[in-house]
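Reading the structure
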Amino acid sequence: MQKNIRWGILGTGWIARKFADALAVAQGCELYAVGSRNAKQASDFAAEYKIPKSYGSYLELVKNAEVDVIYIATPHNLHFDNTVLALNHGKHVLCEKPIGVNKREAAEMYRIAAEKGLFLMEAMWSRFLPHIIKTKELIDEGVIGDITLLTATFCVRSEHGPEHRHYNIDLCGGTILDIGIYNIFLSLFLLGKPAGFTASATLSNQGIDTNCSYNFTYPDGKMAVMYSSFLANPDVVAEVHGTKGSISLEHMWFCPGRVRLKTKDGVETVLSFDVRGNGYELEAEEVAECLHAGRLTSRLWTPDDSLMLAGMMDEIRLTCGVVYPAHDF
Ligand SMILES: NC(=O)c1ccc[n+]([C@@H]2O[C@H](COP(=O)([O-])OP(=O)(O)OC[C@H]3O[C@@H](n4cnc5c(N)ncnc54)[C@H](OP(=O)(O)O)[C@@H]3O)[C@@H](O)[C@H]2O)c1
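This one's a predicted model, so the numbers in the text were calculated from it and none came from an experiment.

What follows covers the packing of helix H1 (residues 14-23) against helix H8 (residues 280-293). Running from N to C, H1 and H8 cross one another at 70 degrees; their axes reach a closest spacing of 8 Å. Regarding the angle of H1 to H8, the classification is roughly perpendicular. Taken as a pair, H1 and H8 cross one another with a handedness that is right-handed. In this structure, H1 contributes Lys18, Phe19, Ala22 and Leu23 to the contact, and H8 contributes Tyr280, Glu281 and Ala284.

Quick look at the sheet that holds strand E10 (residues 223-229) now. Within the open sheet, the eight strands sit side by side as E8-E9-E10-E7-E11-E12-E13-E14. Their pairing is mixed. The open sheet terminates on both sides in strands that have one partner only, identified here as strand E8 (196-203) and strand E14 (268-271). Within this sheet the neighbouring strands show an average axis-to-axis angle of 10 degrees, counted without direction. Sitting on the sheet, helix H9 (residues 303-320) touches E8 and strand E9 (209-217), and the angle it makes with E8 is about 55 degrees.

The next subject is the environment of Asp178. Note on placement: Asp178 falls in helix H7 (residues 175-191). Separated by 127 residues in sequence, Asp178 and Ile51 place their C-alpha atoms 28 Å apart. Beyond its immediate sequence surroundings of up to four residues, Asp178 is in contact with His166 and Gly173.

As a structural note, the neighbourhood of the ligand is formed by 22 residues, with Gly11, Thr12, Gly13, Ile15 and Ser36 the closest of them. Residues of the shell around the ligand, tallied by class, amount to nine nonpolar, eight polar and five charged. Counting contributing residues, the shell around the ligand receives three or more from each of domain 1 (5-125 + 278-295) and domain 2 (130-274 + 310-320).

So, about the packing of H7 against H9. Contact pair H7 / H9: the axes reach a minimum separation of 10 Å and the direction vectors enclose 120 degrees. The angle between the axes of H7 and H9 places the two elements in the oblique class. Seen along the crossing, H7 lies across H9 with a hand that is right-handed. Facing Ile176, Leu177, Ile181, Ile184, Phe185 and Leu188 of H7, the residues of H9 in contact are Met308, Leu309, Met312, Met313, Ile316 and Arg317. When the residues that make up the contact of H7 with H9 are grouped by side-chain class, the tally is eleven nonpolar, no polar and one charged.

Our next topic: the domain arrangement of the protein. Annotation of the protein at the domain level lists domain 1 (5-125 + 278-295) and domain 2 (130-274 + 310-320). Between domain 1 and domain 2, the C-alpha centre-to-centre distance is 26 Å. Taken together, the contact pairs 13 residues of domain 1 with 13 residues of domain 2. Of the residues in the side of domain 1 that touches domain 2, the class split is six nonpolar, five polar and two charged.

Ordered by their spatial adjacency, six strands build an open sheet running E3-E2-E1-E4-E5-E6, and the pairing between neighbours is parallel. A strand with exactly one partner marks an edge of an open sheet, and here the two such strands are strand E3 (53-55) and strand E6 (120-123). In this sheet, neighbouring strand axes are inclined to one another by 25 degrees on average, regardless of whether the strands run parallel or antiparallel. With four bridges connecting them, strand E1 (residues 5-10) and strand E4 (residues 69-72) associate as parallel partners. Counterpart to Gly8 in the pairing with E4 is Ile70. The strands touched by helix H4 (residues 79-88) within the sheet are E1, E4 and strand E5 (92-96), with E5 carrying the most contacts at an inclination of about 170 degrees.

Here is what the cut-offs are and how they apply
- Residues numbered from 1 in each chain as written.
- Predicted model: local features only at pLDDT ≥ 70, side-chain atom pairs only at ≥ 80, totals over all residues.
- Axes fitted to C-alpha atoms, helices over the stretch in contact; angles between N-to-C directions.
- Helix = DSSP H or I, 4+ residues; strand = E, 2+ residues; numbered from the N terminus.
- Parallel < 35°, antiparallel > 145°, perpendicular 65-115°, else oblique.
- Left-handed = near helix turned anticlockwise from the far one by under 90°.
- Contact = placed C-beta atoms within 7 Å.
- Pairing = 2+ DSSP bridges.
- Near = placed C-beta within 6 Å.
- Nonpolar A, V, L, I, M, F, W, Y, C, P; charged D, E, K, R; others polar.
- Domains from an automatic or database assignment.

Next comes the structure, spelled out in structure tokens:
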């Protein structure tokens, strides 16, 4: 039997908790250590999730010789430094999205991982969810014909103050990197790289985007129409329309969910999928599988996929004037 992959979680915020829950059901995985800027926070987290080791600094965490892979769960501005810290201590890394604040950072992170012979993947968890994979299969099989239009939204009214990572420019806040990234991922995953795009945003006093819309155009006439917002709460849905039918992804489309397939003759089929945990276990299992197979990158969410996504977000931010002073393009 293969040895379990031993995980260390770096950061103890919202997503760290979801990931800890997921690791409890992820096959071939074991949550072994946690690191926080604060020792008490780390030990409380460890007690709650029954984690053997806890550390009051990220450095101590990555120095633990028993840990195989570090999950980076910090704000965007820290992904580069935290990932490089882990890689420099010989750890494989799963880094939360966006893997870097921009394409330059992302490319450098992948370069360092490759140079050191270590695994690195962006935690684009939706890529591993069965309803997203099924949507791609249905499109590739021609079930809804030639694609004409994709629409995707990701909006969450955020009541946090200006210091929170949603709004804080020093933490690289804004909808594009935080939630718009999912819309952009979906269109790139399903339709590929666009030939052109338009984008516009409303900016906060700090200069981060609070509303943003972005449309992608393709040579064959199809289009992707997307928006993200921290100011409004419309349904978070996605649809793909084709010449023979359409596919609708229900509210909270980026989480495990159902797909409605409608064909031109009016027949509607609802497709449901079983997921063992909250869905994050699937990306963790992909990491474990890659490590067991000796692969340094995922074939399902590759460095090139991450870099194309990062490059699109760079272009959209440049168009909208969303610039993070400490993270030049
Ligand atoms: N995949 C998903 O579904 C999903 C969902 C939400 C968020 N995310 C991503 O996960 C990352 C973290 O988001 P989150 O919502 O978990 O954030 P969060 O609740 O604010 O937690 C971030 C953690 O990072 C650490 N940290 C280090 N320096 C910090 C600083 N200057 N300010 C605030 N926190 C700092 C803190 O942990 P310690 O105090 O323990 O060091 C904090 O608890 C982001 O990259 C976000 O895009 C992904």
